[in-house]
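Next come the chains, spelled out residue by residue.
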Amino acid sequence: MSGSTSNRRPRVLIEEWLPIEELGIESRRENSTGLHPPPNRLHVWWARRPLTVSRAAVLASLLPAYSEEWPEELRRRFPTEASYRQWFLRLLGIPGDPMAAVKRIALATERGIRLGKEAYGYPRAFTSIASEEELALLMELAKSSWGDGDISVADPMAGGGSIPFEALRYGLTTYANELNPVASAVLQATLDFPARFGVGLADDVARWGRRLLSMVRERLQPFYPAGPGEELDVFIWARTVACPETGKPVPLSPNWWLHKPKGSPVDQWVGVRLIADHDAPECRFEIVRGRAAVAADPQVGTVRRGVARSPWTGDPVDGDYIKAEAQAGRMGAQLYALGIKTARGRDFRLPTEMDLEAVRAAEEELARRLPRWEREGIIPTEAFPEISNDPRPLHYGMRRWCDMFSPRQLLALGTCVEALRELEEDIRRQLPPDRARAVMTYLALAVDKCADYNSRMVRWHSSRGVIAGTFDRHDFSFKWSHAEMAFTVPGKGLDWAIDQVADAYAGLARLAESASLPLFSQNGPRPVDRLTVENRNAASLPSLPDRSVHLVCVDPPYYDNVMYGELSNFFYVWEKKTIGHLYPEWFRSELVETDEEAVANPARFAALRRRKKELAEQDYQRKMQACFREMRRILRDDGVLTVMFTHKRVDAWDSLGRALIEAGFVIEASWPVHTESEHSLHQAKKNAAASTILLVCRKREASGEPVWWDDMRGRIRQVAREKAAEFEKLGIKGVDLYISTFGPVLSVISGQWPVLTSEQDERTGEPKPLRPEVALDLARAEVVALRKQGLLAGRAVKFDDITDWYLMAWDAFKAIEFPADEARKLAIAVGVDLEGDLVARRVIAKKQSTVVLQEPSARRSKGRVDPNAEDFPVLLDALHTAMMVYEEDGAFACRRFLDASGVGSSAAFKALLQAAMQAIPRTREKGRFIRPEAGVLENMRLAFFPDIEAPVEEPEPDLGPLQGKLGLAEEAEAEEIGEEEEEEEEEDVEDE
């Protein structure tokens, strides 16, 4: 979409075109094979953008838009715009037709055939390495656009490093900055070392890793004894509190499954049966398999939503009591099962006296070492911060970071730190200084990986047979039942972590090979001379001169989605002990400095109670505006700012849009790329944006006369309507369709800024500037109108506003539960009142910060959802009454209701049934609809309205290579594609 770029600024490709369908497919493919790209496997970082999208954003922001006025040589290379676009796709690593491949896969799946990754005919795009000829042509094209052969790219908020990694791979001068020290260390390991040392350093990491492993294994071996003919795999624990009545320990676990692979026959299922013998001092367990396991019902645990049940008395154990016991240091743990491997394969057994004695010995050894370790700073005794967005560790007695580990886990990690310190002298003696520092950094990241997968915050994933890491939910959710690594076993524990890091490094180095081609090492600067990694606030980048950067490409923090600083403290406290002395300027403070972090964190303003959310929003906008102003300073006058943003809430877009506009940018183009996998059997329970929006910005020139909002409304409506229709044809749907219009609408506003409203500022008497949120709400209303037509196959049928809202909520969110603020904004767009209409009529129920769509039977009310009602002014009530009668009393009773009420012959009712079938997810699991509403509607259609055509059903997710084909290392890092989260396993505590 065109904006107001001056003629002095040559148009770049991304302002005219971006292959969003191909990029969406490749982005989802990138993380769907079970083996993530090397940056993702190196170390945890939250919300990394796909490499393919990062690559496209960088290259399309620098390459020129096609022009028939190009020099003759370029015109010969690209005689048509289509040939130029095909070359760009090949440059991205997409030589085939991914859309055709997706269709082939879908068709084969329908016929029960699995084509596998070969269906695409080419490897995943991010694995493509540009040739010297391709890079030379890239530079020639860039020079024709910029008049400069040294093209620079800056990412001031580099995070996990996807953007600068791709910029460096394509021979561009790259600047990567991060405020967070943990991310800075990850950037050093992702960008600098692979380009500096190449693949050969992987051998050094592996060699010194083996030395470290040998030292650790020698010291820890006695604490992990194995039985005859078995190999230890995992220890599975339950936290305990004393029963208030008997004083005996109550093992706390949401369920007792050990092995229940999805789709596996019952005879493969394994669980434990809890036995409370009143003559025994503690509960004991029995391994149950197959039908016996089903009969024991391991799905029913002893704790749910923070409230436990005592197996000794059957009485509830209050959540406040559990927290009080934990905070008093009286929460214990009971080892109830071990996963082992034998000649027959994986199995489970109960702990023996040998196992329990090893645990006691580890506790005694830790107690012996602890005084010295605390003096020498070996273990993280720093306090968990009192001010935190997620205080659950404090609620459950984990006041220090070391409290997040069981005694044996802490002994293992402390031994790793101690051994690494001892090994450092040999590493420094045998390797050059920079190479030694690199090896130490990667070994420290391996220790981080051990901490991530060997804490009290991990769980045993019974459906996949792996340990799910500490941050599988991107928070500090408390785990009642936790797993423990068999730390010294070959292929497990530290051995696994070192292998993962060395392999990830080798992958990074291989991907970075194009950055070291002769074109650049002989005729230009070495890769490391083209790279700068800094640790600073993005609001102040003094090392970059004014107007010096061609492209700023940034993936900023997503408002309140992830509290990066708070989460990264988990790793910071360990890295400070392993490599803090190697990067002293990064690890000066006790914990990560979060006050400067640009996130909307209400915890910072908790003392102000009701205003904390508002102040957090203002703080985010203020900091982002300061960062964008600094980006404007370093950007050339003809430069490009490309911003990636993913958020489903309007207020997040409002804050980001205002920050961009007030910082002096105009949005020239906007592209939605469907980057996140939506193939999840629990998608009907969740609400998340699956698209990344790329905003392409330029410096705004001097503002002209103010524009009045009333004069812009029509233009906003038109743009929103046109872009929504365009993106809908490209497969963008649900909440992402609403979001896809935000960029184009912000483009219109930013190009006409300042936009004034008829409201007056109380202090100055001047007209108030427009809040972008107002325009975004107008765009939402246009999408509502478009989607309603889509649900009705283009027909215009008038429902009442409440019925419209219900349909649009299902259509947008594909979930029964979603944020209350989004429900409110949709209500405004449709014209209903959240409390007075939707809550009062039981269409929704409020649940803290979310709302829940109510099933028909939950809406039972005289005169509304009522078989005896005389009329139905709200058509949704008629539909829900019919559904309730069908579900409770059957088809015959439902027919009587439809005939007696007259709604069965109503064209509007029939249209509503059709629209609801389109809006409510029709995903099946094992042949049954996940959402019961979809099943009832389908049965009603078949029984009473067979002339209504059934919507196309969403196929059951194909787990592909994830299903039974991965080793521990790959599975532990794999995206949980197509996995149904077991609610009881995930349900750790009530929302705090």
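Residues numbered from 1 in each chain as written. Predicted model: local features only at pLDDT ≥ 70, side-chain atom pairs only at ≥ 80, totals over all residues. Heavy atoms only, no water.

Focus: the overall build of the protein chain
Of regular secondary structure, the protein chain possesses 35 helices and 28 strands. Relative to the globule expectation of 30 Å for 992 residues, the C-alpha radius of gyration of the protein chain, 30 Å, shows essentially globular dimensions. By sequence separation, contacts in the protein chain at least 24 residues apart represent 76% of the contacts at least 6 residues apart. In the form shown here, the protein chain has an accessible surface area of approximately 38400 Å², with 48% of it arising from carbon and sulfur atoms. Both charge centroids of the protein chain, one from 130 positive and one from 155 negative side chains, sit 1 Å from each other. (Helix = DSSP H or I, 4+ residues; strand = E, 2+ residues; numbered from the N terminus. Rg over C-alpha atoms; globule rule 2.2 N^0.38 Å. Contact = heavy atoms within 4.5 Å. Areas by Shrake-Rupley, 256 points an atom, 1.4 Å probe, with all protein chains shown as cover. Lys, Arg positive; Asp, Glu negative; His and termini not counted. Charge placed at Lys NZ, Arg CZ, Asp CG, Glu CD.)

Quick word on the sheet that holds strand 18 (residues 635-645)
The 7 strands are arranged 16-2-1-17-18-20-19 in an open sheet whose pairing can be described as mixed. For this open sheet the edge positions go to strand 16 (531-534) and strand 19 (665-674), each flanked by a neighbour on one side alone. The average angle at which neighbouring strand axes cross in this sheet is 15°, direction not considered. Pairing of strand 2 (residues 173-177) with strand 16, which is carried by 4 bridges, proceeds in the parallel orientation. (Pairing = 2+ DSSP bridges. Axes fitted to C-alpha atoms, helices over the stretch in contact; angles between N-to-C directions.)

Considerations on the packing of helix 4 (residues 51-62) against helix 8 (residues 132-146)
Where helix 4 contacts helix 8, the axes come no closer than 9 Å and their chain directions differ by 50°. It follows from the interaxial angle that helix 4 and helix 8 lie oblique. Mapping the contact onto sequence places Leu59, Ser61 and Leu62 in helix 4 and Leu138, Ala142, Ser145 and Trp146 in helix 8. Looking at side-chain class alone, the contact of helix 4 with helix 8 contains 5 nonpolar, 2 polar and no charged residues. (Parallel < 35°, antiparallel > 145°, perpendicular 65-115°, else oblique. Nonpolar A, V, L, I, M, F, W, Y, C, P; charged D, E, K, R; others polar.)

Section: unusual backbone geometry
For residues besides glycine, phi is generally negative; the peptide bonds are generally trans as well. Residue Trp753 is joined to Pro754 through a cis peptide bond whose omega torsion reads 5°. Topologically, Pro754 is positioned in the loop between helix 25 (742-751) and strand 22 (755-760). For Asp297, which is not a glycine, the phi torsion comes out positive at approximately 55°. Following the sequence through the fold, Asp297 ends up in the loop between helix 12 (290-296) and strand 8 (303-304).

Overview of the confidence of the model for the protein chain
Averaged over every residue, the pLDDT of the protein chain is 86; the share at 70 or more is 91%. A low-confidence stretch, residues 1-7 stays under pLDDT 50, and its non-local contacts, those more than four residues away or across chains, total 20 contacts. In this model, residues 518-524 is a region of pLDDT below 50 whose contacts with residues beyond four sequence positions or in other chains number 15 contacts. (pLDDT = per-residue confidence, 0-100.)

Some words on the nonpolar core
One finds Phe628, Leu641, Trp653, Trp805 and Phe909 to be the most contacted residues of the largest nonpolar core, which totals 181 residues. Counting residues per element, this core draws most heavily on helix 27 (residues 801-813), which supplies 9 residues. Other than its neighbours up to four places away in sequence, Trp653 contacts Phe645, His647, Ile693, Leu695, Ile739, Phe742, Leu746 and Leu776. Counting 142 residues, the second largest nonpolar core, distinct from the first, contains Ala189, Cys243, Ala412 and Val417. (Core = buried A, V, L, I, M, F, W, Y, C linked by side-chain atoms within 4.5 Å. Buried < 20%, exposed > 50% of the residue type's maximum accessible area, 1.4 Å probe, protein only.)

Some details on the sheet that holds strand 8
Strand order in this open sheet of 3 strands is 8-9-10, and the pairing throughout is antiparallel. Here the strands that pair on one side only, and so sit at the sheet edges, are strand 8 and strand 10 (316-317). Pairing geometry for strand 9 (residues 307-309) and strand 10, over 2 bridges, is antiparallel. In the strand pairing of strand 10, Ala308 is matched with Val317.

Structural notes on the packing of aromatic side chains
All told, the structure shown has 43 aromatic pairs when counted by the stated rule. Measuring from ring centre to ring centre gives 5.1 Å for Tyr66 and Trp70, while their planes differ by 65°; the resulting arrangement is edge-to-face. Assigned by exposure class, Tyr66 and Trp70 land together as buried. A ring pair is formed by Tyr396 and Phe478, whose centres lie 4.3 Å apart and whose planes are at 15°; its orientation type is stacked. Of this pair, Tyr396 sits in the loop between helix 15 (392-395) and helix 16 (407-430) while Phe478 sits in the loop between strand 14 (466-468) and strand 15 (481-485); the two residues are 82 residues apart in sequence, bridging distant segments of the chain. Of the two residues, Tyr396 and Phe478, both sit in the buried class. In this structure an aromatic cluster arises from ring pairing among Trp45, Trp46, Phe384, Trp401, Phe405, Phe471, Phe476, Tyr564, Phe570, Phe571 and Trp574. Cation over ring: Arg29 sits above Tyr120, and NZ or CZ is 3.9 Å from the ring centre. Across from the ring centre of Phe235, 4.2 Å away, lies the NZ or CZ of Arg408, which sits over that ring. (Phe/Tyr/Trp six-rings, centres within 6.5 Å; stacked < 30°, edge-to-face > 60°. Lys NZ or Arg CZ within 6 Å of the ring centre and 35° of its normal.)

Observations regarding the pairing of strand 2
In terms of burial, strand 2 is a largely internal element, 4 of the 5 residues being buried. Bridge analysis of strand 1 (residues 152-155) against strand 2 gives 4 bridges, and the strand direction is parallel. Paired with Asp155 across the bridge in strand 2 is Ala176. Note on the crossover from strand 1 through helix 9 (residues 162-169) to strand 2: the handedness is right-handed. (Right-handed = clockwise from strand over helix to strand, strands pointing away.)

What to know about helix 11 (residues 201-220)
With 20 residues, helix 11 extends 28 Å from end C-alpha to end C-alpha; this agrees with the ideal 28 Å at 1.5 Å per step. The complete set of buried residues in helix 11 reads Leu201, Ala202, Asp204, Val205, Trp208, Gly209, Leu212, Leu213, Met215, Val216 and Leu220. Taken around the axis of helix 11, the buried residues stretch over an arc of 165°, which confines them to a single face. The exposed residues of helix 11 that point more than 90 degrees off its buried face are Asp203, Arg210 and Glu218. (Expected span 1.5 Å × (residues − 1). Arc of directions from axis to C-beta.)

Brief notes about the environment of Val317
As for its placement among the helices and strands, Val317 is situated in strand 10. Sequence separation of Val317 and Val241 is 76 residues, and the distance between their C-alpha atoms is 9.4 Å. Among all residues touching Val317, those that are not within four sequence positions of it are Pro244, Val307, Ala308, Arg309, Ser310 and Ile322.

Let's talk about the side chain of Arg169
For Arg169, the position within the fold is in helix 9. Taking relative accessible area as the criterion, Arg169 reaches 1% and is therefore assigned buried. A distance of 3.1 Å separates a polar atom in the side chain of Arg169 from the backbone oxygen of Phe126. (Polar contact = N/O pair within 3.5 Å; in protein donor to acceptor, adjacent residues only side chain to side chain.)

Looking at the pattern of salt bridges
When the charged atoms of two side chains with opposite charge come close together, those side chains can pair. Going through the model one piece at a time under the given rule, you end up with 74 salt bridges. Between Arg217 and Asp495 there is a salt bridge whose closest N-O contact spans 4.0 Å. Of this pair, Arg217 sits in helix 11 while Asp495 sits in helix 18 (residues 493-511), and the two are 278 residues apart along the sequence. Exposure remark for Arg217: the relative accessible area of 23% places this residue in the partly exposed category. Look at Asp495 and you get partly exposed, because its relative accessible area is 23%. The shortest N-O distance in the salt bridge between Glu231 and Lys492 comes to 3.4 Å. With Glu231 in strand 3 (residues 231-242) and Lys492 in the loop between strand 15 and helix 18, the pair connects residues that are 261 residues apart, well separated along the chain. The structure contains a network of salt bridges with shared partners spanning Arg11, Glu15, Glu16, Glu668 and Arg698. (Salt bridge = Lys/Arg side-chain N within 4 Å of Asp/Glu carboxyl O.)

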